[in-house]
Amino acid sequence: MQAPENVSQLVKDAGNPSLVDLSDALGLPEGGFEAWGTVLGSFLIQFCGFGYISAYGVFQGKHIYFYTQTYLTNSTPSAIAWIGSVNAFLILSVGIVSGRMVDQGAFYPVMKIGCLLQCFFLFMLSLTKPDGYYQASLIFLSQGIGLGIAIGLTNVPSIAIVSHHFQRRRAVAMGIVVAGSSLGAILHPVMLNNLINGRLGFANGVRASAALNGGLLFIANLLLRTRLPPQSKAVSYTRVLRNSSRDGAYMCACVGMAAFEFGYFFEAFYLQLDSTLHGLSQGFSFYSLTIFSSGSFIGRLTMGFVSAYVGIPNTIIGSSLISSAVLFAMIDLHSAASVAVIAASYGFFSGGVVAMMGPVISILTPEISHIGARIGIAFAIAGNLGAPICGTFLTSHYIWWKAVIFAGVSEPCQAPLLVFG
């Protein structure tokens, strides 16, 4: 099936119910086994990708973590932290390339290579030994660089492919997909913590998790399906970047997403540390992130349905304003109850914003064949600055109110940017 030549105008008209329906014009099914099977497959990709990376804290930290206590005792926590930082940077940055490859018709090869590399580098990680001379380099190469590239190859394509099947229900479908990473953030840390610190130990525990991910990724690849043909005439990436940079609404959305991520990464990276330094137990502090991820999982599933009634921009604006208010409450964090309420409520509303990021970029993309590239660009811009900037405001003296105010003020900046964009 070939897309009509006036796709650009149809996308612009799609938001107006009095004009032609884009899903009808392109023949998008808006449901069916193949469409929802693709959603399930993408959900599993997110579960095994970003969801697994959320378990990085199991490998680094105090008491329950292996790197600082057993495997890399000669390395500083700061040096070990580079493994996770490089990993996150590559996941988001590689999406610029993988998203564009999907637009050009290379979805299946990209997904297969990414999934195979993900399993391969997890098994390579399991071969490391405690305090070996080359072990720090091997861990950095396998978990930091290797897994970062592998997951980066699958992350954006698994979100962008939803646009091949949905228009009216796209926000709901993409919300379900990104909820996979939240479910992974709930289950993977608990599973790895028990495997690594249980009878299996580090090597067999990582291999068991790699085998589980491999099976789920195999099922995902059986379910994923493309529908729309690639561009009949390839457009250079330089032209896509140039056109995107000149699109005021799109750039406002990218800047707004980046502003939101300041608050999001502050909560995700520092909630556990904040609760620990305020006298709460290490065990409860560990599970505070599980509470956060549980709220995020529910929010990501819910907000897609909410947006069907109030619209995607209104959903983002309302959720970001409420999550910002919750962030300010971290200044008075002092008890287990306050941590649980802040974690659950912020997870719910911030998860709603995250769920709407893919749909809002797709709405602002006039050429449906550029969705992969534009989502990749937006995610790369949004996701690489939040944690280090918030850490600068926090300082080594842990001045929480400065970092909280910066994160809380930055996050709702997305609202006016969406309005004016």
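Residues numbered from 1 in each chain as written. Predicted model: local features only at pLDDT ≥ 70, side-chain atom pairs only at ≥ 80, totals over all residues. Heavy atoms only, no water.

**A word on the overall build of the chain**
Using the following cut-off: Numbering of helices and strands runs from the N terminus, with a helix taken as a DSSP run of H or I at least four residues long and a strand as a DSSP run of E at least two residues long. Any residue under 20% of the maximum accessible area for its type is buried, any over 50% is exposed, and the rest in between are partly exposed; the area is computed with a 1.4 Å probe on protein chains only. Residues count as neighbours in contact if any of their non-hydrogen atoms are within 4.5 Å of one another. Only the protein chains shown count as cover for residues, with accessible areas throughout obtained via the Shrake-Rupley method and a probe of 1.4 Å.
Along the backbone of the chain there are 19 helices and 0 strands. Classification of the 421 residues of the chain by burial places 55% in the buried group. Sequence-distant contacts, at least 24 apart, represent 81% of the contacts inside the chain between residues at least 6 apart. Of the accessible surface of the chain, which amounts to about 17,200 Å², a share of 67% is contributed by carbon and sulfur atoms.

**Quick word on helix α14 (residues 312-328)**
In an α-helix, one turn spans 3.6 residues; hence positions three or four apart end up facing the same way. Just so we agree on the cut-off: Helix span is expected to be 1.5 Å times the residue number reduced by one.
Taking 1.5 Å per residue as the helical rise, α14 with its 17 residues ought to reach 24 Å, and the 25 Å between its terminal C-alpha atoms agrees with that figure. Buried within α14 we find Ile312, Thr315, Ile316, Ile317, Ser319, Ser320, Ser323, Ser324, Val326 and Leu327.

**Side note on the nonpolar core**
As a reminder, the rule being used: Grouping buried Ala, Val, Leu, Ile, Met, Phe, Trp, Tyr and Cys residues that are joined through side-chain atoms within 4.5 Å yields what is termed a nonpolar core.
Counting residues in hydrophobic clusters, the biggest one holds 55 residues, and the most contacted among them are Phe266, Ile361, Ile375 and Phe379. At 11 residues, helix α15 (residues 336-363) tops the list of elements feeding residues into this core. Ranked by size, the runner-up nonpolar core spans 18 residues in total, among them Val102, Met111, Leu224 and Phe297.

**Brief notes about the environment of Ile363**
In this fold, Ile363 is placed in helix α15. Overall, Ile363 belongs to the partly exposed group, its relative accessible area being 44%.

**What to know about the confidence of the model for the chain**
What counts here: pLDDT runs from 0 to 100 and stands for how confident the predictor is about each residue.
Averaged over all residues, the pLDDT of the chain equals 77, while 78% of them reach at least 70. The spread of mean pLDDT over the elements of the chain runs between helix α1 (residues 7-13), the lowest at 41, and helix α3 (residues 33-48), the highest at 93. Overall, residues 1-22 carries pLDDT values under 50, and its contacts beyond four positions in sequence, including any with other chains, amount to 30 contacts. Predicted confidence is poor over residues 61-65, with pLDDT under 50, and the contacts of this stretch with residues over four places away or in other chains come to 16 contacts.

**Considerations on a nonpolar patch on the surface**
Threshold: Patches here are clusters of residues that have more than 30% relative accessible area and form no salt bridge, with a 9 Å joining cutoff for like charges and a 5 Å cutoff for nonpolar side chains (Val, Leu, Ile, Met, Phe, Trp, Tyr). Salt bridges are counted wherever a side-chain nitrogen of Lys or Arg sits within 4 Å of a carboxyl oxygen of Asp or Glu.
On the surface, Phe328, Ile331, Trp401, Ile405 and Val409 cluster together into a nonpolar patch covering about 440 Å² of accessible area. The dominant element in the nonpolar patch, judged by the number of residues it contributes, is helix α18 (residues 400-410), at 3 residues. Position of Trp401 relative to the elements: it lies in helix α18.

**Topic: the packing of aromatic side chains**
Note the threshold: Centre distance within 6.5 Å is the pairing criterion for rings of Phe, Tyr and Trp, where only the six-membered ring of Trp is used; planes under 30 degrees apart are then read as stacked, over 60 as edge-to-face, and the remainder as tilted.
Throughout the structure, instances matching the rule amount to 5 aromatic pairs. Seen in terms of ring centroids, Phe348 and Phe349 are 5.0 Å apart; in terms of plane orientation they differ by 90°. Their pairing is edge-to-face. You can call Phe348 partly exposed: its relative accessible area is 23%.

**Side note on the side chain of Arg300**
Heads up, the rule is: Within 3.5 Å is the distance limit for a polar contact, defined as a pair of N or O atoms, with the added protein rule that one can donate a hydrogen and the other accept it, and that residues adjacent in sequence qualify only through two side-chain atoms.
Position of Arg300 relative to the elements: it lies in helix α13 (residues 282-310). Separated by 2.8 Å, the side chain of Arg300 and the backbone oxygen of Val178 make a polar contact. Side chain to side chain, Arg300 and Ser182 meet in a polar contact 3.1 Å long. Discounting chain neighbours no more than four positions away, the residues touching Arg300 are Gly175, Ile176, Val178, Ala179, Ser181, Ser182, Tyr264, Gly351, Gly352, Val354 and Ala355.

**Let's talk about helix α10 (residues 201-223)**
With 23 residues, α10 should reach 33 Å at 1.5 Å per residue; the first-to-last C-alpha distance of 33 Å fits that figure. Listed as buried for α10 are Gly201, Phe202, Ala203, Gly205, Val206, Ser209, Ala210, Asn213, Leu216, Leu217, Ala220 and Leu223.

**What about the environment of Ser98?**
Mapped onto the elements, Ser98 comes out in helix α6 (residues 77-103). On the basis of relative accessible area, Ser98 is assigned to the buried category, the value being 0%. Between the C-alpha atom of Ser98 and that of Gly152, which follows or precedes it by 54 residues, the distance is 7.4 Å. At 3.0 Å, the side chain of Ser98 and the backbone oxygen of Gly152 are in polar contact.

**Describing the packing of α3 against helix α9 (residues 170-196)**
Selection criterion: For helices, the fitted axis covers only the stretch in contact; all axes are lines through C-alpha atoms, and the angles between them, taken along N-to-C directions, range from 0 to 180 degrees. We call a crossing left-handed when the near helix sits turned anticlockwise from the far one by less than a right angle, and right-handed when that turn is clockwise. Asp, Glu, Lys and Arg are counted as charged, while Ala, Val, Leu, Ile, Met, Phe, Trp, Tyr, Cys and Pro are counted as nonpolar; the rest, among them Gly, fall into the polar class.
For the pair α3 and α9, interaxial distance at closest approach is 7 Å and the crossing angle is 35°. As α3 packs across α9, the resulting crossing turns out to be right-handed. Contact residues: Trp36, Val39, Ser42, Phe43, Gln46, Phe47 and Cys48 in α3; Ala173, Ile176, Val177, Val178, Ala179, Gly180, Ser181, Leu183, Gly184, Leu187 and His188 in α9. Here the contact of α3 with α9 is composed, by residue class, of 12 nonpolar, 6 polar and no charged.

**Considerations on the packing of α9 against α15**
Our working definition: By the definition adopted for this analysis, an angle is roughly parallel if under 35 degrees, roughly antiparallel if over 145, roughly perpendicular if from 65 to 115, and oblique otherwise.
The contact between α9 and α15 brings their axes to 7 Å, and the two run at 140°. With respect to α15, the element α9 is oriented oblique. The crossing of α9 and α15 is right-handed. Residues Arg170, Ala171, Met174, Gly175 and Val178 of α9 form the contact with α15, whose participating residues are Ala355, Met356, Gly358, Pro359 and Ser362. Class assignment of the residues belonging to the contact of α9 with α15 gives a composition of 6 nonpolar, 3 polar and 1 charged.

**Digging into the environment of Gly279**
Position of Gly279 relative to the elements: it lies in the loop between α12 (248-277) and α13. Since its relative accessible area comes to 64%, Gly279 is described here as exposed. Between the alpha carbons of Gly279 and His334 there is a distance of 8.0 Å; along the sequence they are 55 residues apart.

**Quick look at the state of the cysteines**
Threshold: For this text, the term disulfide refers to a pair of cysteine sulfurs within 2.5 Å.
What the rule picks out here adds up to 0 disulfides. Unpaired in this structure, Cys48 has its nearest cysteine sulfur neighbour in Cys115, at a distance of 8.0 Å. Taking relative accessible area as the criterion, Cys48 reaches 0% and is therefore assigned buried. You can see Cys252 has no disulfide; the closest cysteine sulfur is in Cys254, sitting 9.4 Å from it. Residue classification places Cys252 among the partly exposed positions, given a relative accessible area of 23%.

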